[in-house]
Amino acid sequence: MHRFFGLLRKPAPSPQPSPRRGEGTNLRLASGLALCLLLVAPARADKIRDLVQVAGVRSNQLIGYGLVVGLDGSGDQTTQAPFTTQSLENMLQQFGITVPANARPQLKNAAAVMVTADLPPFAKPGQTIDVTVASIGNAKSIRGGQLLMAPLRGADGNVYAVAQGSVVVGGISAQGKSGSSVQVNISASGRIPNGASVERVVASSFAGGGDLMLNLNTADFTTATRIATAINQAYGAGTAQPLDGGSVSVRGPQDPAQKVAWLGAIQNLDVQPGDAPARIVVNSRTGTVVIGSDVRVTAAAVAHGAIQVTIGEQAQVSQPAPFSQGQTAIVPSSSVQVSEEGAHMFKFGPGVSLDTIVRAVNQVGATPSDLISILQALKQAGALHADLVVI
């Protein structure tokens with residue numbers, strides 16, 4: 001009977017398994033670690049292609065001489081630029097036209113120009129490159145002109161491209177009969193997009209055998225070591241070896257096709273470059289000051305004041321006394337005043353950062369010229385721990 005009633009009772013809920021000792025702590029630690037990983041910013045890493053250049057893979061400068069014709073009276077004045085007339089006569093002789101010896105053509109629609117271009121690496125015959133055209137005479141403008149065929153030569157004297165086309169000028173100038181003129185930008189130079197055709201291939205050492213040399217854009221021993229380490233981790237020990245702070249030697253495949261793909265993969269590797277040196281760059285002509293983030297100064301007090309000199313000129317009339325037979329004259333009167341304003345003193349604590357320096361200088365209202373003087377004085381006092389570069 002008791003057994004029967006026991007069967008009719010509602011079964012008790014099954015107890016939930018209690019966590020073992022330490023499981024709750026481990027769970028909280030795992031959650032905290034995941035949160036920390038989300039909050040930590042990734043380290044700054046750059047591609048190797050942005051840090052180095054492959055030795056032998058570079059552009060080459062080209063230069064040539066030519067004539068721009070079709071100008072609207074804004075060309076060279078031949079009396080002051082006789083080489084323009086001589087160039088035109090030499091060109092006409094190639095077409096069978098002889099200019100009489102006693103003839104002096106007065107040209108206004110032609111201008112002598114220099115043509116320059118950069119020949120990119122691996123450029124092949126038939127490809128086009130941009131050229132820059134600049135007047136070397138007294139032409140007022142080459143807007144709307146047409147550059148005649150001009151060979152472009154390299155440093156070895158060989159012709160590597162031929163330029164020709166319509167000149168595109170971004171500036172404009174206008175002058176009235178009274179002598180008033182208006183000029184916006186420069187109208188005596190312009191560009192010809194795709195204006196030159198490549199005619200010769202520049203020999204490159206990339207396709208040859210031997211190790212490749214990676215030259216760092218900014219020499220740094222730490223960056224060179226990290227580049228070699230990243231390459232060795234990806235392709236095995238001994239693949240790359242840093243030679244100095246500015247170059248890394250890399251051993252690669254001898255097959256040119258494999259070398260291209262292999263070098264492309266190396267350039268995509270991520271490398272964290274070394275910290276930039278503490279440096280301050282000052283442009284004394286424009287007043288531009290660039291301060292690096294690692295610049296530090298020791299404890300120093302700086303007082304900088306502006307001395308202002310004011311000179312005033314005022315004309316006074318000197319009137320003679322009555323019946324003195326004198327004459328009325330104008331006598332200049334000068335007044336000179338010297339005042340010193342803005343004499344502020346501020347103090348730098350030991351090891352202050354860039355933000356503190358900028359904030360202290362801004363509070364006293366120092367101009368860029370004042371900042372240059374302050375930085376130079378701090379460098380001479382030995383309180384500035386950075387390289388001061390004046391350009």
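Residues numbered from 1 in each chain as written. Predicted model: local features only at pLDDT ≥ 70, side-chain atom pairs only at ≥ 80, totals over all residues. Heavy atoms only, no water.

Asks: In this structure, what is going on with the overall build of the protein chain? I would like to understand it.
Replies: A tally of helices and strands in the protein chain yields seven helices and 21 strands. For the protein chain, the proportion of its 391 residues judged to be buried stands at 27%. Restricting the contact set of the protein chain to residue pairs at least 6 apart, pairs at least 24 apart contribute 70%. (Helix = DSSP H or I, 4+ residues; strand = E, 2+ residues; numbered from the N terminus. Buried < 20%, exposed > 50% of the residue type's maximum accessible area, 1.4 Å probe, protein only. Contact = heavy atoms within 4.5 Å.)

Asks: Got a minute to help me understand the nonpolar core in this structure?
Replies: Across soluble globular proteins, you tend to see nonpolar side chains buried next to one another. Counting residues in each nonpolar core, the largest one holds 25 residues, and the members touching the most others are Leu147 and Leu152. Breaking this core down by element, the ones donating at least two residues are β3 (60-69), β4 (110-119), β5 (128-135), β6 (146-153), β7 (159-166) and β10 (189-198). Discounting residues that sit within four places of it in the chain, Leu152 has contacts with Leu62, Ile63, Gly64, Val115, Ala117, Val131, Asn158, Val159, Tyr160, Ala161, Ala163 and Ala196. Counting 21 residues, the second largest nonpolar core, distinct from the first, contains Ile48, Leu51, Ala228 and Ile231. (Core = buried A, V, L, I, M, F, W, Y, C linked by side-chain atoms within 4.5 Å.)

Asks: What's the story with helix α3 (residues 82-94) in this structure? I'm lost.
Replies: Each turn of an α-helix holds 3.6 residues, which means side chains three or four residues apart point in the same direction. For α3, with 13 residues, the first-to-last C-alpha span of 19 Å sits near the 18 Å given by 1.5 Å per residue. For α3, the set of buried residues is Thr84, Thr85, Ser87 and Leu88. One side of α3 holds all its buried residues, which, seen down the axis, span an arc of 160°. When the buried face of α3 is taken as reference, the exposed residues oriented beyond 90 degrees from it are Pro82, Gln93 and Gln94. Trailing α3 by a residue or two, Gly96 shows a phi angle of about 80°, which is positive. (Expected span 1.5 Å × (residues − 1). Arc of directions from axis to C-beta.)

Asks: How should the pattern of salt bridges be read in this particular structure?
Replies: It is possible for side chains of opposite charge to pair when their charged atoms get near one another. Going through the model one piece at a time under the given rule, you end up with two salt bridges. The salt bridge involving Lys47 is made with Asp270; its shortest N-O contact spans 3.1 Å. With Lys47 in strand β1 (residues 46-47) and Asp270 in strand β14 (residues 270-271), this residue pair connects regions lying 223 residues apart in the sequence. According to the relative accessible area criterion, Lys47 is partly exposed, its value standing at 31%. For Asp270, a relative accessible area of 48% corresponds to the partly exposed category. Note that Arg191 is salt-bridged to Asp130, the shortest N-O span being 3.5 Å. Of this pair, Arg191 sits in strand β10 while Asp130 is found in strand β5, placing the two residues 61 residues apart along the sequence. On the accessibility criterion, Asp130 (34% relative accessible area) is partly exposed. (Salt bridge = Lys/Arg side-chain N within 4 Å of Asp/Glu carboxyl O.)

Asks: How should I be thinking about the packing of aromatic side chains in this particular structure?
Replies: The tally for this structure, following the rule as stated, stands at one aromatic pair. With centroids separated by 6.3 Å and ring planes inclined at 70°, the aromatic side chains of Tyr235 and Trp262 adopt a geometry described as edge-to-face. Within this pair, whereas Tyr235 is found in helix α4 (residues 221-235), its partner Trp262 is found in helix α5 (residues 256-267), the two being separated by 27 residues in sequence. Positioned over the ring face of Tyr160 is Arg200, at 5.6 Å from the centre of the ring. (Phe/Tyr/Trp six-rings, centres within 6.5 Å; stacked < 30°, edge-to-face > 60°. Lys NZ or Arg CZ within 6 Å of the ring centre and 35° of its normal.)

Asks: In this structure, what is going on with unusual backbone geometry? I would like to understand it.
Replies: Backbone phi values are negative for most residues with the exception of glycine, while trans is the configuration of most peptide bonds. In this structure, Phe122 is a non-glycine residue whose phi angle is positive, near 65°. With respect to the secondary-structure elements, Phe122 resides in the loop between β4 and β5. Even without glycine at this site, Asn194 takes up a positive phi of about 55°. Of note, Asn194 is situated in strand β10.

Asks: Looking at this structure, I do not really get a nonpolar patch on the surface. What am I missing?
Replies: Judged by side-chain polarity, Tyr65, Phe83 and Ile136 come together as a nonpolar surface patch covering roughly 240 Å² of accessible area. Position of Ile136 relative to the elements: it lies in the loop between β5 and β6. (Patch = residues over 30% accessible without salt bridge, like charges linked within 9 Å, V, L, I, M, F, W, Y side chains within 5 Å. Areas by Shrake-Rupley, 256 points an atom, 1.4 Å probe, with all protein chains shown as cover.)

Geometric descriptors of this kind do not, in isolation, establish any biological role.
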